[in-house]
Amino acid sequence: MTNAVNVFSRTTIATLLLLTALPIGALSQELNCSVQVIAPRIANVESSVFEALEDGVREFMNGRRWTNDNFTFEERIECTMQINISEAKSATQFSGTIQVQSNRPVYGSDYDTPMLFINDGDFDIVWVNGTAINFNMGMHRDNLSSILAYYAYMILGMDYDSFGMEAGTDYYLKAQQIVANAQNAPGNGWRASQGKQNRYWLVENMLSQTFRPLRYCLYNYHRKGMDLLYSDVETARLNIGDAIVEMRSTNRIRPSSYNLQVFFLAKSDEIIKIFEPAPEPERVRLLPVIKQMDPGNIAKYDAALL
């Protein structure tokens, strides 16, 4: 996938979607990331430390250029990070969770469709109050910068995939490189042996042949489905249904995989809203498929789509 294809598939289409009228040269970074750091149970560290960490994470995510593409201010990807510090082992060593969400605009509407929604429980960092967060793609400097950069590239990969078929590959590869650099890093989340639901497996799966139907779904669901809803609801809904059904092949090989769980965590409520008013044959076709792939929400699907 050439960079030219990526530029067209993400930034050119996004310009049309958002109907921007900004002057040439009004360019911006790729992410518009809202950040919140909370530490409700930490009494041995001043709250100002966590306020400074919040500012540092926000500057790191929004102040860098993550791609070689040009984004206008209005094209920035909307995303959020909530860091919940549950333990302070010292004044500089913290652990907790990081919740990451990202959205994508839908053509012809003011609706943003959820893309990534993940709660990472392996957030173990060392950070000295007042220091800048620095990142180097060629090496693992520290867990904080690597985790943040990893999710920046995962957000970009999924966003680009939704605008062009497999257009997010370059960004998944960067996330995978971060994982490779961190194989000897302290803390969990970076290695294959540390469970099946971590940063290693999230990106490893996205780049595997087995999960190509998921990546095709990201494109067909959004470009041929969500972006068409404003003009042709019936065709858009059929395309969304087809995109979801195609993921059955992945589920047969890797049932209850982490990536499918992440997909439905973001999309289950949206799928219900789209298909609740659909004709019965569409609901009958889709219902057993999504119940098989997302068993945790069976009751919710039955209540809305039966």
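Residues numbered from 1 in each chain as written. Predicted model: local features only at pLDDT ≥ 70, side-chain atom pairs only at ≥ 80, totals over all residues. Heavy atoms only, no water.

**Considerations on the packing of helix α6 (residues 212–223) against helix α7 (residues 233–245)**
To keep it simple, the criterion reads: Fitted lines through C-alpha atoms give the axes, limited to the stretch in contact for helices. The angle between two N-to-C directions lies from 0 to 180 degrees. Helix and strand assignments follow DSSP, with helices taken as H or I runs no shorter than four residues and strands as E runs no shorter than two, numbered in order from the N terminus. The scheme is simple: roughly parallel for angles under 35 degrees, roughly antiparallel for over 145, roughly perpendicular for 65 to 115, oblique for anything else. Pairs of residues are marked as contacts when any of their non-hydrogen atoms sit within 4.5 Å. For this scheme, ten residues count as nonpolar: Ala, Val, Leu, Ile, Met, Phe, Trp, Tyr, Cys and Pro. Four count as charged, namely Asp, Glu, Lys and Arg, and the remainder, Gly too, count as polar.
As a packed pair, α6 and α7 sit with axes 8 Å apart at the nearest point and diverge in direction by 170°. The orientation of α6 relative to α7 falls into the category roughly antiparallel. Counting all contacts with α6, which are made through Cys217, Asn220 and Tyr221, the residues of α7 involved are Ile240, Ala243 and Ile244. Of the residues contributing to the contact of α6 with α7, the split by class is five nonpolar, one polar and no charged.

**Some points on the packing of aromatic side chains**
This is how the line gets drawn: Pairing of aromatic rings covers Phe, Tyr and Trp, the last through its six-membered ring, and needs centres within 6.5 Å; plane angles under 30 degrees mean stacked, over 60 mean edge-to-face, and all others mean tilted. Cation placement over rings: the criterion is NZ of Lys or CZ of Arg within 6 Å of the ring centroid and within 35° of the ring normal.
Taken as a whole and judged by the stated rule, the model has 10 aromatic pairs. Arranged with centres 4.7 Å apart and planes meeting at 50°, the rings of Tyr160 and Tyr171 form a pair that is tilted. A residue pair is termed long-range when its members are at least 10 positions apart, and Tyr160 in helix α3 (residues 143–163) and Tyr171 in helix α4 (residues 169–181) qualify at 11 residues. Taken together, the ring pairs in this structure connect Phe60, Trp66 and Tyr153 into an aromatic cluster. A cation sits over an aromatic face here: Arg64 above Trp66, 5.0 Å from the ring centre. One cation-aromatic arrangement involves Arg199 over Trp190; the distance from NZ or CZ to the ring centre is 4.1 Å.

**Describing helix α2 (residues 47–63)**
For clarity, the threshold we go by: Expected span of a helix: the number of residues minus one, times 1.5 Å. Partly exposed residues are those whose accessible area sits between 20% and 50% of the maximum for their type, while under 20% is buried and over 50% is exposed, using a 1.4 Å probe and protein chains only.
Helix length check: α2, at 17 residues, gives a terminal C-alpha distance of 24 Å against a target of 24 Å (1.5 Å per residue), a fit within 8%. If you check which residues of α2 are buried, you get Val49, Phe50, Leu53, Glu54, Val57, Phe60, Met61 and Asn62. The inward-facing, buried residues of α2 abut β2 (31–38), β4 (77–88), β5 (93–105), β6 (112–126) and α3.

**Describing the sheet that holds β4**
We apply this condition: At least two bridges found by DSSP between two strands are what make those strands a pair.
The strand order across the open sheet built from four strands is β2-β4-β5-β6, with neighbouring strands paired in mixed fashion. Single-partner strands in this sheet number two, and they are β2 and β6. Strand-to-strand twist of the sheet, defined as the mean angle between neighbouring strand axes without regard to direction, takes the value 15°.

**Remarks on unusual backbone geometry**
One non-glycine residue, Glu166, adopts positive backbone phi at about 55°. When you line up the elements, Glu166 lands in the loop between α3 and α4. Notably, Ser256 is not glycine yet its phi reads approximately 55°, a positive angle. We classify Ser256 as partly exposed; its relative accessible area is 42%.

**Here we look at the pattern of salt bridges**
Any two side chains of opposite charge can pair, so long as their charged atoms come close to each other. Where we set the bar: Each reported salt bridge corresponds to a side-chain nitrogen of Lys or Arg within 4 Å of a carboxyl oxygen of Asp or Glu.
Inspection of the entire model under this criterion finds 13 salt bridges. For Glu270, the salt bridge is made with Lys267, and the minimal N-O distance between the two is 3.1 Å. Here Glu270 pairs with Lys267, and both are found in helix α9 (residues 258–275), just three residues apart, close to one helical turn. Each member of the pair, Glu270 together with Lys267, is buried. Of the charged contacts in the structure, one is a salt bridge between Lys300 and Asp269, with a shortest N-O distance of 2.8 Å. Separated by 31 residues along the polypeptide, Lys300 in helix α11 (residues 298–305) and Asp269 in helix α9 bring together distant segments of the chain. Look at Asp269 and you get partly exposed, because its relative accessible area is 46%.

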